[in-house]
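Understanding the architecture of this molecule
Each chain, letter by letter, is given below.
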Amino acid sequence: MVPVTDVFRSLSSLEDQYDLSLLDGPEQGLTVYTQPEAAKGIVSDALLLAFALTRQRGGRPFLHRPLGSRHGSVDEYCLLALIGSLGHAAADVALEAAAYLDIASFDAVVPLVGEIVRQMDSGALVFEPPSLSDFRAMMSRESSKEVLVEANSGRAEFNFRN
């Protein structure tokens, strides 16, 4: 989860300086869990998705935590819930995550998310999306602005925990 989140965190740095070498670290981080071709595909598709989402949000940037952080922002949690939910045909969670992220056209981002999911599937990365009740419970937490992302040791599978 953290290496995938780091791809999106690195993409936010591209707004300041358009240097694609900023994506080398997160791509290398992904190769620990998947094949280099899948890692390259995930980074490439994440770049397209990040630009589309920013455009959908009227240019409003995402709130990101530092690279490597196991604590994710609420925006990052919703982004990962969106990706994981579409990968598991959990449209109800995906729709609510998209609404929370202020995505103007859900239909416009579905194909882009589908490409990331396809790359992750080809690289044997598994996302376990939250249930709708867990997602709603997490979004109703107003006192916390962080979500702990906890690794399931021994496999490239991660779970959301609050």
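We now turn to the structure provided with this report. (Residues numbered from 1 in each chain as written. Predicted model: local features only at pLDDT ≥ 70, side-chain atom pairs only at ≥ 80, totals over all residues. Heavy atoms only, no water.)

Focus on the overall build of the protein
Short version of the rule: Secondary structure counts use DSSP, requiring at least four H or I residues in a row for a helix and at least two E residues in a row for a strand, with both numbered from the N terminus. For every residue, the accessible area (1.4 Å probe, protein chains only) is compared with the maximum for its type, and the residue is labelled buried under 20%, exposed over 50%, or partly exposed between those bounds. Contact definition: two residues touch when any of their heavy atoms are within 4.5 Å. Values of accessible area rely on a 1.4 Å probe in the Shrake-Rupley scheme; residue burial ignores everything except the protein chains shown.
Counting its regular elements, the protein contains 7 helices and 4 strands. Counting helices and strands in the order they occur from the N terminus, the protein gives α-α-α-β-α-α-α-β-α-β-β. In the protein, which comprises 162 residues, the share counted as buried stands at 49%. Across the protein, the fraction of contacts at a sequence separation of at least 24, relative to all contacts at a separation of at least 6, is 71%. Carbon and sulfur atoms make up 52% of the accessible area of the protein, which amounts to about 7900 Å² in all.

A closer look at the packing of aromatic side chains
Here is the rule: The rule is short: rings of Phe, Tyr and Trp, with Trp giving its six-membered ring, pair when the centres are within 6.5 Å, and they are stacked under 30 degrees, edge-to-face over 60, tilted in between. We call a charge positioned over a ring when the NZ of a Lys or the CZ of an Arg lies within 6 Å of the ring centre and within 35 degrees of the ring normal.
Counted by the stated rule, this structure contains 1 aromatic pair. Judged by centre distance (5.9 Å) and plane angle (10°), the rings of Tyr77 and Phe135 are stacked. One end of the pair, Tyr77, is in helix α4 (residues 74-87); the other, Phe135, is in helix α7 (residues 132-139), and 58 residues separate them in sequence. The pair Tyr77 / Phe135 is uniform in exposure class, with both members buried. The ring of Phe62 is capped by Arg57, whose NZ or CZ atom sits 4.0 Å from the centre of that ring.

Details of the packing of α4 against helix α5 (residues 91-100)
Put simply, the rule is: Helix axes are fitted only over the stretch in contact, all axes being lines through C-alpha atoms; the angle between N-to-C directions runs from 0 to 180 degrees. For classification purposes, angles smaller than 35 degrees are called roughly parallel, those larger than 145 roughly antiparallel, those between 65 and 115 roughly perpendicular, and all remaining angles oblique. Left-handed describes a crossing whose near helix is turned anticlockwise from the far helix by less than a right angle; the clockwise case is right-handed. Charged residues are taken to be Asp, Glu, Lys and Arg, nonpolar residues to be Ala, Val, Leu, Ile, Met, Phe, Trp, Tyr, Cys and Pro, and polar residues to be all remaining types, Gly included.
One way to put it is that α4 packs onto α5 with a least axis distance of 8 Å and a crossing angle of 150°. It follows from the interaxial angle that α4 and α5 lie roughly antiparallel. Here α4 runs over α5; the crossing is left-handed. In this structure, α4 uses Val74, Asp75, Cys78, Ala81, Leu82, Ser85 and Leu86 to contact α5, whose residues at the interface are Val93, Ala94, Ala97, Ala98 and Tyr100. For the contact of α4 with α5, the per-class residue count stands at 10 nonpolar, 1 polar and 1 charged.

Some words on the pattern of salt bridges
Side chains that carry opposite charge are capable of pairing whenever their charged atoms lie near each other. Cut-off, in case you're wondering: Each salt bridge in this description consists of a side-chain nitrogen of Lys or Arg and a carboxyl oxygen of Asp or Glu lying within 4 Å of one another.
Within this structure, the stated rule accounts for 5 salt bridges. Between Glu96 and Arg136 there is a salt bridge, and its shortest N-O distance comes to 2.5 Å. Highlighted residues: Glu96 in helix α5 and Arg136 in helix α7, separated in sequence by 40 residues. We classify Arg136 as partly exposed; its relative accessible area is 46%. For Arg118, the salt bridge identified is with Glu115, shortest N-O distance 2.8 Å. A residue pair is termed a helical-turn pair when its members lie 3 or 4 positions apart in one helix, as Arg118 and Glu115 do in helix α6 (residues 106-122) at 3 residues. With relative accessibility at 32%, the residue Glu115 sits in the partly exposed group.

What to know about the side chain of Asp45
Defined as follows: We count Lys and Arg on the positive side and Asp and Glu on the negative side, and we leave His and both chain ends out.
Tracing the sequence through the fold places Asp45 in helix α3 (residues 36-56). Within the buried set, Asp45 has no salt-bridge partner at all; the shortest N-O distance to an opposite charge, 4.9 Å, is to Arg118. Residues in contact with Asp45, not counting those within four places in the same chain, are Glu115, Ile116 and Gln119.

Some thoughts on the nonpolar core
One broad rule of soluble globular proteins: the nonpolar side chains tend to lie buried together. This is how the line gets drawn: Take the buried Ala, Val, Leu, Ile, Met, Phe, Trp, Tyr and Cys residues and link them wherever side-chain atoms come within 4.5 Å; each set so joined is a nonpolar core.
If you look at the biggest cluster of nonpolar residues, it comprises 40 residues, and the most contacted ones within it are Phe8, Leu30, Leu49, Leu82, Ile83 and Phe135. At the level of secondary structure, the elements contributing two or more residues to this core comprise α1 (2-13), α3, α4, α5, α6 and α7. Beyond its immediate sequence surroundings of up to four residues, Leu30 is in contact with Pro3, Val4, Val7, Ala39, Ile42, Val43 and Leu125.

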